[in-house]
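A structural walkthrough
Chain residues, written in single-letter form:
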There are 2 protein chains.
Amino acid sequence: MDTAGIDFWFDFASTYSYPAAMRIGALARDAGVKVRFRPFLLGPIFKAQGLTTSPFNLYPAKGRHMWRDLERLCADLRLPFRRPDPFPQNSLLAARVALAGLDHDWGEDFCHAVFRAQFCEGCRIDDAGTMSEILAGLEIDPRPLLAAAQSDAIKARLRAQTEEAQQRGIFGAPNFITADGELFWGNDRLEAALRWANSL
Amino acid sequence: MDTAGIDFWFDFASTYSYPAAMRIGALARDAGVKVRFRPFLLGPIFKAQGLTTSPFNLYPAKGRHMWRDLERLCADLRLPFRRPDPFPQNSLLAARVALAGLDHDWGEDFCHAVFRAQFCEGCRIDDAGTMSEILAGLEIDPRPLLAAAQSDAIKARLRAQTEEAQQRGIFGAPNFITADGELFWGNDRLEAALRWANSL
């Protein structure tokens, strides 16, 4: 029998992608579900919906609730939390490095470290220095990775990944998509998505 | 010791208010938390945020996910589900009757019946005939209730209730607010809100 699988679609700047990224590994392992990390960019997807920035900035009451809710959620999960400034951060560079990194076995560790840098340590993820430090922390030589991240091949792959996200019905982040194309949006839907993956 | 309490803020036209209304009674009873039903109108609150209708209509991809998600959620909860047409329905009349009804011990039963009429039976809740049938089903004479619902006193109470919702930071529905003013938005947050209420 094939192992059940799930695609984890996230944007590094997305607030609820942080707890989802930190939770998915252990939960999927327990459920016997294989996870594929798929970073994409929310910016073009928001823009296509007529949104000029994050809905959490466009609708201040919604934003106030989100920050408080995320703080409560992280406390329950015993995840450190610090509000990124500015918000949202530009996640283009991190997404490109992640795409290059996910060809290697340390790719998911890199993704976790980017979320930690942004949501625990107050780092800016649009800064090549932050990327270099994270890579060095994983004992990866940053120079070839940062060069690969700026290659035409990786740029095109990130564009294609973002277009695929849109075609799959994605309008926010994080998302979990099962092998039959079922879309589950939101950190809250991780458990339901894993059950669905196992029911196929 | 005082019983822990929670205010349940909902709009009859709000899709996720349906499972929340059907779940809250048993969960709150088990948690030993007293619930107060507080119907309000999302329309003025959306309007104040510059939204001309439900975000699920304004953002079609978000709307498509919501309908599918609600269908999955209701299946998991073994709640019947039928998509209301039109959506959103005008919930003004139902909210006014509910406010008058919540002064009586059958008020919550009336609220459940309005959600069932809309989300299971395909009824229009802006129709006085639907309201009369629901009231008659609860063995309440509809005429004095419908008259009370159209009184200046109830109209003013619904306006005040909606203004209070906005002042408390409400931007959508459903919501749960604990005695210390903590706002939990969304059917998904019901369990967390009950835990919070019990921790005070």
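Residues numbered from 1 in each chain as written. Chains lettered and ligands numbered in written order. Predicted model: local features only at pLDDT ≥ 70, side-chain atom pairs only at ≥ 80, totals over all residues. Heavy atoms only, no water.

Turning to the confidence of the model for chain A, a few remarks are in order. Mean pLDDT over chain A: 96, with 99% of residues reaching 70 or higher. What the predictor reports for the complex is a pTM of 0.96 with an ipTM of 0.94. (pLDDT = per-residue confidence, 0-100.)

Looking now at unusual backbone geometry. A cis amide bond, omega 0°, links A:Asp85 with the succeeding residue A:Pro86. Within the fold, A:Pro86 resides in the loop between α4 (60-77) and α5 (92-101). With an omega of -5°, the peptide bond between B:Ala173 and B:Pro174 qualifies as cis. (Helix = DSSP H or I, 4+ residues; strand = E, 2+ residues; numbered from the N terminus.)

What follows is about the packing of aromatic side chains. Per the counting criterion, the structure on display carries 34 aromatic pairs over all chains. Relative to B:Phe110, the ring of B:Trp106 lies with its centre 6.5 Å away and its plane at 80°, an arrangement referred to as edge-to-face. A single burial state applies to B:Trp106 and to B:Phe110, both of which are buried. Members of the aromatic cluster, each reached through a chain of ring pairs, are A:Phe8, A:Phe10, A:Phe12, A:Tyr18, A:Phe37, A:Phe115, A:Phe119 and A:Phe176. A:Arg72 extends its terminal NZ or CZ atom over the ring of B:Phe184, reaching a point 3.7 Å from the ring centre. (Phe/Tyr/Trp six-rings, centres within 6.5 Å; stacked < 30°, edge-to-face > 60°. Buried < 20%, exposed > 50% of the residue type's maximum accessible area, 1.4 Å probe, protein only. Lys NZ or Arg CZ within 6 Å of the ring centre and 35° of its normal.)

On the side of chain A, 21 residues touch chain B, which itself brings 21 residues to the contact. Taken over both partners, the interface formed by chain B and chain A buries close to 2000 Å², and the fraction arising from carbon and sulfur atoms is 48%. Broken down residue by residue, the surface that chain B buries against chain A is led by B:Tyr59, B:His65 and B:Arg189, which jointly contribute 28%. Inspection of the chain B/chain A interface yields eight salt bridges. (Contact = heavy atoms within 4.5 Å. Buried area = accessible area lost by both parts, 1.4 Å probe. Salt bridge = Lys/Arg side-chain N within 4 Å of Asp/Glu carboxyl O.)

Turning our eyes to something else, we now look at helix α7 (residues 128-137) of chain A. Residue and element names in this part refer to chain A. Buried within α7 are the following residues: Thr-130, Met-131, Ile-134 and Leu-135. When α7 is viewed along its axis, its buried side chains cluster within an angular range of 130° and face the same direction. Exposed residues on α7 whose side chains face more than 90 degrees from its buried face are Glu-133 and Gly-137. Considering only its buried residues, α7 is in contact with α5, α6 (107-119) and α8 (142-149). (Arc of directions from axis to C-beta.)

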